Amino acid sequence: MTTLLLQLSDLHIREPGRLAYGRINTAPYLAQAVQTMLRLPQRPDALVITGDLTDFGRAAEYAHLRALLAPLGPLPTYLLPGNHDERAQLRQSFAEHGYLGTDGFVQYCVPVGGLTLIALDTVVPGASEGSLCRERLAWLAGALDAHRHRPVVIAMHHPPFQTLIGHMDAIGLLSGAAELEALVARHPNVERIVCGHLHRSIQVRFGGSIAMTVPSPAHQVCLDLAPDAASAWALEPPGFGLHALPGGGRLVSHAVASGVYEGPHPFHDGGQLID
């Protein structure tokens with residue numbers, strides 16, 4: 001039996017009709033991603049959303065997010081704050097999501113099919129950059145020890161590695177990355193560290209595992225590795241992640257294009273190669 005974990009990130013939902021950055025209505029893009037998920041040939045086991053659920057963490061934005069996610073029906077959905085979110089309002093707006101806790105960091109462990117999802121809070125209130133303090137790392141150490149006999153996926157907002165996109169690295173995980181990597185290296189059952197914040201698909205070796213980010217369902221950060229590159233975004237093709245763990249196998253991660261495209265078409269016609 002294969003476990004399927006969907007990952008969305010960086011939704012930046014605003015109140016109905018309001019534009020993010022004064023230019024983009026992110027809501028139709030999330031609606032498109034939801035419809036793409038519903039068309040997948042296999043039913044996923046859960047969805048994790050790795051932060052920046054909203055643009056300002058306002059109650060009306062979270063209410064809009066709830067409505068946009070509603071077509072997913074009973075699919076277990078796990079939320080994680082990003083630097084654009086507000087922990088207290090997130091908990092109030094999704095009060096039935098008991099795993100969010102009642103105060104402090106939003107950190108939790110939940111079973112998803114044949115794996116354990118561990119959510120790690122990297123938010124620094126009022127700041128764009130992220131951090132992992134001793135308290136958060138100690139909590140993670142205990143969670144990893146408790147689940148050392150199951151495959152683990154760690155979810156967090158800020159990626160714990162340099163992406164070479166300078167303006168984003170300046171507001172990345174500015175403390176705790178080295179300690180996190182040492183901790184992951186001691187737990188070979190960590191299949192993946194899945195992150196957001198970058199609005200791009202990026203992968204790197206990390207602590208004997210793989211750390212990665214996924215595209216946004218709306219806008220992407222421009223790919224410019226020049227040290228002095230401008231902070232900018234573009235409407236490149238949107239997407240999300242799909243992490244698949246076959247029974248007894250290794251986790252395989254796919255970047256999924258969001259939207260409707262021509263096809264599928266067969267590679268062969270009546271058993272013959274098409275010239």
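Details of the structure are given in the entry above.
Okay, so let's go over this structure. Predicted, not measured: the structure shown is a model, and the values here were computed from it. (Residues numbered from 1 in each chain as written. Predicted model: local features only at pLDDT ≥ 70, side-chain atom pairs only at ≥ 80, totals over all residues. Heavy atoms only, no water.)

Structural notes on the packing of aromatic side chains
How two aromatic rings sit relative to each other is set out by the distance from centre to centre and by the angle between their planes. The following threshold applies: Here a pair means two rings of Phe, Tyr or Trp (six-membered ring of Trp) with centres within 6.5 Å. Their orientation is stacked below 30 degrees between planes, edge-to-face above 60, and tilted elsewhere. Runs of E in the DSSP output that reach at least two residues are strands. Runs of H or I that reach at least four are helices, and both are numbered from the N terminus. Accessible area is worked out with a 1.4 Å probe on protein chains only. A residue is then buried under 20% of its type maximum, exposed over 50%, and partly exposed in between.
By the definition in use, this model includes five aromatic pairs. Ring centres 6.4 Å apart and planes at 90 degrees place the aromatic pair tyrosine 62 and phenylalanine 94 in the edge-to-face group. With tyrosine 62 in helix H2 (residues 59-69) and phenylalanine 94 in the loop between helix H3 (87-93) and strand E4 (108-112), this residue pair connects regions lying 32 residues apart in the sequence. No difference in accessibility class separates tyrosine 62 from phenylalanine 94, as the two residues are buried. Consider the rings of tyrosine 78 and tyrosine 99, whose centres lie 5.1 Å apart with planes at 70 degrees: the pair is edge-to-face. Highlighted residues: tyrosine 78 in strand E3 (residues 77-80) and tyrosine 99 in the loop between H3 and E4, separated in sequence by 21 residues.

Focus on a nonpolar patch on the surface
Definition in use: Patches were defined on residues exceeding 30% relative accessible area and lacking a salt bridge, with like-charge contacts within 9 Å and nonpolar side-chain contacts (Val, Leu, Ile, Met, Phe, Trp, Tyr) within 5 Å. Areas reported as accessible are Shrake-Rupley estimates using a 1.4 Å probe. Residue values count occlusion only from the protein chains shown. Salt bridge criterion: a side-chain nitrogen from Lys or Arg within 4 Å of a carboxyl oxygen from Asp or Glu.
A grouping of Leu164, Leu223 and Leu225 is seen on the molecular surface, where their side chains present a nonpolar patch of about 320 Å² in accessible area. By the secondary structure assignment, leucine 225 is in the loop between strand E10 (220-221) and strand E11 (233-234).

Some remarks on H2
Basically, it comes down to this: As used here, the arc belongs to the directions running from the helix axis to the C-beta atoms. The contact rule is simple, with two residues in contact once any of their heavy atoms fall within 4.5 Å.
What H2 keeps buried is the set Glu61, Tyr62, His64, Leu65, Leu68 and Leu69. One face of H2 carries all of its buried residues, which in axial projection span an arc of 155 degrees. Structurally, H2 contributes buried residues whose contacts are with helix H1 (27-38), strand E2 (46-50) and H3.

Some details on the pairing of E3
To keep it simple, the criterion reads: In short, DSSP must find at least two bridges between two strands for them to pair. With the strands pointing away from the viewer, any crossover whose connection runs clockwise from the first strand over the helix to the second is right-handed.
A two-sided burial pattern is seen for E3, the buried positions comprising Thr77 and Leu79 on one face and Tyr78 and Leu80 on the other. Across four bridges, the pairing between E2 and E3 is parallel. By the bridge assignment for E3, valine 48 is matched with tyrosine 78. Where the polypeptide runs from E2 across H2 and back to E3, its parallel neighbour, the crossover connection is right-handed.

A closer look at the environment of arginine 150
Note the threshold: Polar contacts here mean pairs of N or O atoms no more than 3.5 Å apart (in protein, one a potential hydrogen donor and the other a potential acceptor; neighbouring residues in sequence count only if both atoms are side-chain atoms).
By the element assignment, arginine 150 lies in the loop between helix H4 (134-146) and strand E6 (152-155). The spacing of arginine 150 and threonine 116 is 34 residues in sequence and 6.7 Å in space, taken between C-alpha atoms. Setting aside its immediate chain neighbours within four residues, arginine 150 contacts Pro111, Val112, Gly113, Gly114, Leu115, Thr116 and Asn189. One polar contact links arginine 150 to threonine 116, side chain to side chain, over a distance of 2.9 Å.

Points about the state of the cysteines
A disulfide bridge is the covalent bond that connects two cysteines by way of their sulfur atoms. Let me state the cut-off plainly: Cysteine sulfur pairs qualify as disulfides if the two atoms are within 2.5 Å.
Using the criterion set out here, one finds zero disulfides in the structure. Unpaired in terms of disulfides, cysteine 133 finds its nearest cysteine sulfur in cysteine 109, a separation of 16 Å.

Focus on the side chain of histidine 197
Following the sequence through the fold, histidine 197 ends up in the loop between strand E7 (190-195) and strand E8 (202-206). Since its relative accessible area comes to 3%, histidine 197 is described here as buried. Among the polar contacts listed, one links the side chain of histidine 197 to the backbone oxygen of isoleucine 171, at a separation of 2.8 Å.

A word on the sheet that holds E3
Note the cut-off: The axes are straight lines fitted to the C-alpha atoms, using for helices just the contacting stretch, and the angles between their N-to-C directions are given from 0 to 180°.
A sheet is described by the order of its strands in space; here five strands give the open sequence E3-E2-E1-E12-E13, paired in mixed fashion. Because the sheet does not close on itself, it has two edges, and the strands there are E3 and strand E13 (252-257). Here the strands of the sheet are splayed against their neighbours by 20 degrees on average, with no regard to which way each runs. With respect to the sheet, H1 is in contact with strand E1 (3-8), E2, strand E12 (239-245) and E13, its orientation differing from that of E1 by roughly 170 degrees.

A look at the pattern of salt bridges
The tally for this structure, following the rule as stated, stands at eight salt bridges. Note that arginine 58 is salt-bridged to glutamate 15, the shortest N-O span being 3.3 Å. A residue pair is termed long-range when its members are at least 10 positions apart, and arginine 58 in the loop between E2 and H2 and glutamate 15 in the loop between E1 and H1 qualify at 43 residues. With relative accessibility at 15%, the residue glutamate 15 sits in the buried group. A salt bridge links aspartate 145 to arginine 148, with the shortest nitrogen-to-oxygen separation between them at 2.7 Å. One network of salt bridges, in which partners are shared, links Arg14, Glu15, Arg58 and Glu61.

Bear in mind that shape data such as this cannot, by itself, settle questions of function.
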